[in-house]
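# Structural overview
What follows is the residue order along each chain.
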Amino acid sequence: MRRLLLVAALALAGFPPPAAAEAAPRLEAPHYDFDRATIRKGAELFAQRCFACHSVAHIRYQRLETDLGMPLGTLEDDIMLPSDARIHQGMVSAMRPQDAAKWFGVAPPDLTLEARYRGIDWIYTYLKSFYRDPKRPTGFNNHVFKNVAMPDVLEPLQGILAADGRVIKKGSVSPQQFDRDAADITAWLQYTSDPSKLEREALGPWVIGFLAVFTLLAYALKRVVWRRVHRGASQAGS
Amino acid sequence: MSRVLAWIDRRFPLSRLIRESMTEYYAPKNFNFWYFFGSLALLVFAMQVITGIFLLAHYQPSASKAFDSIQTIMYDVKWGWLIRYLHTTGASFFFIVIYLHMLRGYLYGSYRKPRELLWIVGFVIYVCLMAEAYFGYVLPFGNMSYWGGEVITSIVGAIPYAGSWLASLARGGFGIGTATLNRFMAFHAVLVPALLGLLVVAHVLALHETGSNNPDGIEIREHLGPDGKPLDGIPFHPYYTVKDIMGVGVFLIALSLVVFYAPTVHGLFIETYNYIPANPLQTPPDVTPAWYLAPYYAMLRAIPDKKLGILVLFLAIAAPFFLPWLDRNPRAKSIRYRPVYLAMVVVLVACLLVLGWIGMQPASPALLPPARIGLALYFLFFASLPFVSRIEPTRPVPDRLRM
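Residues numbered from 1 in each chain as written. Chains lettered and ligands numbered in written order. Predicted model: local features only at pLDDT ≥ 70, side-chain atom pairs only at ≥ 80, totals over all residues.

All right, on to the domain arrangement of chain B then. All names here are of chain B. Here chain B is partitioned into domain 1 (30-286) and domain 2 (288-403). Relative placement of domain 1 and domain 2: their C-alpha centres are 21 Å apart. Contact residues are listed per partner, giving 33 residues for domain 1 and 30 residues for domain 2. For the side of domain 1 that touches domain 2, the secondary structure elements donating two or more residues are helix H5 (80-108), helix H6 (116-138) and helix H7 (143-156). When residues of the side of domain 1 that touches domain 2 are assigned to their parent elements, the largest contribution, eight residues, is made by H6. (Domains from an automatic or database assignment. Contact = placed C-beta atoms within 7 Å. Helix = DSSP H or I, 4+ residues; strand = E, 2+ residues; numbered from the N terminus.)

This is the structure we're talking about:
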């Protein structure tokens, strides 16, 4: 009974049953420098294309200024889109989850930790894998995430592709630029999944450098103290 | 200064403790690489307690808040990421250090008479550590936490007659929820660490009673100088304190490399599936344990029958307990003089590594035969040791230590 309930619940929630993990397409690794400029560009694209539905609630707006060096004006005009947003608040989408669930069948998930959970290759490939599918309510399907409820929000940039990759309608940017855009969004989501990366990788060399000096001094001290033991051993041996 | 010390010494054995456990505790002078891990285990224990206290200041043990409180630590608490990564990395490093420490015991026969109790106390520490790690693993209440909690408490449920009652006692209800988190936090933050602290004291007391073994497996106390001190012994302080401090430096560099550059170690130290909140309706594709328990999990899965599998699991965990009485070589303890025993230990370690790898893979029929071979060889080590150790070829053991 419990199993039946579980399957029913999964079906309702729009999750594919675990066993249905059919031949997944090969995931493509994005190429980007994980630096503040890339992440900022990704944040702006995210705000324009994704933020209407998806939250990144653990990231407070303030962080974009303090962590990423985004000018306050840009932050207020381009990122803080919900009308009542305050700088110290988390980036919560303006769309109410209960409305979203009604409109899309499933509430769009919070994406803060998506890159941790799915991996950056998955996100990048997913963003690039939408194709025209008249059978779906949105008119689009996805090679990486079968029968996804999400519409192809990047379609104006990428254009419309057929299932076999054929271009049905050209997008507003070149395919190369679109790859860069998708990579920037991926970089942003990598940042939201673990903002400490910027801080810890900057701090790492100092900590390890300090420890290296400490260890060398400890080694020198050990050599001095142990000299007596080694001398004693060679005397006993001779 | 000396007057203060005298005042204290009249009321508390401070100087005597320092003398007996540091400046006049004579340790064999030929400790090698393998002897760093005892003091390092103590260091990690201290680090886990300290980082744990900081985490406890922000963690909320309830089903609806636990996951978000961990994220609050990661996103909003100043240096929260450092504290949490130190704690998660520390957990894995604790096991690395303890496994190397135990392997040292195997290599040099440190469990042999008169150190049986020392070995057993250490073994109990290891079992407590597994419990500690398990309770801690459930607390963040990600989806792996949830299903890991479910799987292990269902092992309790397999106990005949009282099983289902015990399982709901362990969970605090029929499923894993707030009650489970509350009791697991009590165990993880109070009960088990307190036990560990006491056991560590007992372990060190037993060590100082028998004296340390060494890579030659010879008793240095059997060769005393005219002053009554072991000829091959040197005072723990300053010799081994300075040496251990050097080990601490190398250890902290390794720890920092993980904490600052690869804190999840590709899902090995922090599982990917623990980054979605606990969800009773969504089983992760493969519920596999953390790497340090993976060999046991592979053994459990290698047995088709659930109850028999759990029995084998407990036997596998308990087997090293009996090691002092299984090894019966009358002439030597250390692998330096026992080539056959050395080969057996190498096979044992290889088995555990392979089983560990299998335990982290999705369940698959193709992996059953190697898992069963590994399981058989694991038990063969313990089953054959009483016989092999009595007849194995033994090289002549010298009287005195080799540097």
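Chain A puts 30 residues into the contact, and the matching count from chain B is 27 residues. Those elements that place two or more of their residues in the side of chain A that touches chain B are helix H1 (2-13), helix H6 (114-118) and helix H10 (196-237) of chain A. No other element matches H10 of chain A, which puts 19 residues into the side of chain A that touches chain B.

Residues and elements named next belong to chain A. Here three bridges tie strand S5 (residues 159-161) to strand S6 (residues 167-170), and the two strands are oriented antiparallel to one another. Within S6, the position partnered with Ile160 by the bridge is Lys169. The turn joining S5 and S6, which pair antiparallel and follow one another in sequence, is formed by five residues; a positive phi near 95 degrees is taken by Gly165. (Pairing = 2+ DSSP bridges.)

Turning our eyes to something else, we now look at the environment of Gln48 of chain B. All names here are of chain B. Within the secondary structure, Gln48 is located in helix H3 (residues 37-56). For Gln48, a count of 22 C-beta atoms within 10 Å translates into the label buried. The spacing of Gln48 and Ala162 is 114 residues in sequence and 35 Å in space, taken between C-alpha atoms. Leaving out residues up to four positions away in the same chain, Gln48 has contacts with His87, Gly90 and Phe94. (Buried ≥ 20, exposed ≤ 12 C-beta atoms within 10 Å, placed from the backbone.)

Further remarks concern the confidence of the model for chain A. All names here are of chain A. Chain-level statistics for chain A give a pLDDT mean of 88 and a share of 87% at 70 or above. Helix H9 (residues 175-193) holds the highest mean pLDDT among the elements of chain A, 97, whereas H1 holds the lowest, 44. Contacts from residues 1-22, a stretch scored under 50 in pLDDT, to residues over four places away or in other chains number 15 contacts. (pLDDT = per-residue confidence, 0-100.)

Looking now at the domain arrangement of chain A. Assigned domains of chain A: these are domain 1 (22-194) and domain 2 (200-238). Computed over C-alpha atoms, the centres of domain 1 of chain A and domain 2 of chain A are 51 Å apart.

The angle between the axes and the distance between the axes are what describe a pair of packed helices. Residues and elements named next belong to chain B. It is at 9 Å that the axes of helix H14 (residues 339-360) and helix H15 (residues 368-391) come closest, and there the two elements cross at 155 degrees. Relative to H15, H14 is oriented roughly antiparallel. Here the hand of the crossing between H14 and H15 comes out left-handed. Across the interface between the two elements, Val340, Tyr341, Met344, Val347, Leu348, Cys351, Val354, Leu355 and Ile358 of H14 pack against Pro370, Ala371, Gly374, Leu377, Tyr378, Phe381, Val388 and Ser389 of H15. Residues belonging to the contact of H14 with H15 are distributed by class as follows: 15 nonpolar, two polar and no charged. (Axes fitted to C-alpha atoms, helices over the stretch in contact; angles between N-to-C directions. Parallel < 35°, antiparallel > 145°, perpendicular 65-115°, else oblique. Left-handed = near helix turned anticlockwise from the far one by under 90°. Nonpolar A, V, L, I, M, F, W, Y, C, P; charged D, E, K, R; others polar.)

Mapped onto the fold, Ser69 of chain B is located in helix H4 (residues 66-75). If we ignore the near neighbours within four places in the chain, the residues touching Ser69 of chain B are His58, Tyr59 and Gln60 of chain B.

What follows deals with helix H11 (residues 294-302) of chain B. Residues and elements named next belong to chain B. In terms of burial, H11 is largely enclosed, as nine of its nine residues are buried. What H11 keeps buried is the set Ala294, Pro295, Tyr296, Tyr297, Ala298, Met299, Leu300, Arg301 and Ala302. Of the surrounding secondary structure, the elements contacted by the buried residues of H11 are helix H12 (306-318), H14 and H15.

A word on the packing of helix H7 (residues 120-127) of chain A against H9 of chain A. Residues and elements named next belong to chain A. The interhelical angle for the contact between H7 and H9, taken along N-to-C directions, is 145 degrees, at an axis separation of 9 Å. Where H7 crosses over H9, the two elements pack in a sense that is right-handed. Judged by residue contacts, Ile120, Ile123, Tyr124 and Leu127 of H7 engage Ala182, Ala183, Ile185, Thr186, Leu189 and Gln190 from H9.

To continue, consider the nonpolar core. Residue and element names in this part refer to chain B. Formed by 92 residues in total, the largest nonpolar core has its most connected members in Leu40, Val44, Phe94, Val97, Leu139 and Ala298. Residues lining this core come from more than one domain, with at least three contributed by each of domain 1 (30-286) and domain 2 (288-403). Setting aside anything within four residues of it in sequence, one finds Val97 in contact with Phe37, Leu40, Ala41 and Val44. (Core = buried A, V, L, I, M, F, W, Y, C linked by C-beta atoms within 7 Å.)

Turning our eyes to something else, we now look at unusual backbone geometry. Peptide bonds are trans in most cases, and residues, glycine excluded, mostly fall at negative phi. Residue and element names in this part refer to chain B. In this structure, Pro114 follows Lys113 across a cis peptide bond, with omega equal to 5 degrees. The topology assignment puts Pro114 in the loop between H5 and H6. Of the consecutive residues His237 and Pro238, the connecting peptide bond is found in the cis state with omega at 10 degrees. Relative to the helices and strands, Pro238 resides in helix H10 (residues 236-261). With phi around 60 degrees, Trp79 is a residue other than glycine that occupies positive phi space. Mapped onto the secondary structure, Trp79 falls in the loop between H4 and H5. Overall, the presence of 12 C-beta atoms within 10 Å leaves Trp79 in the exposed class.

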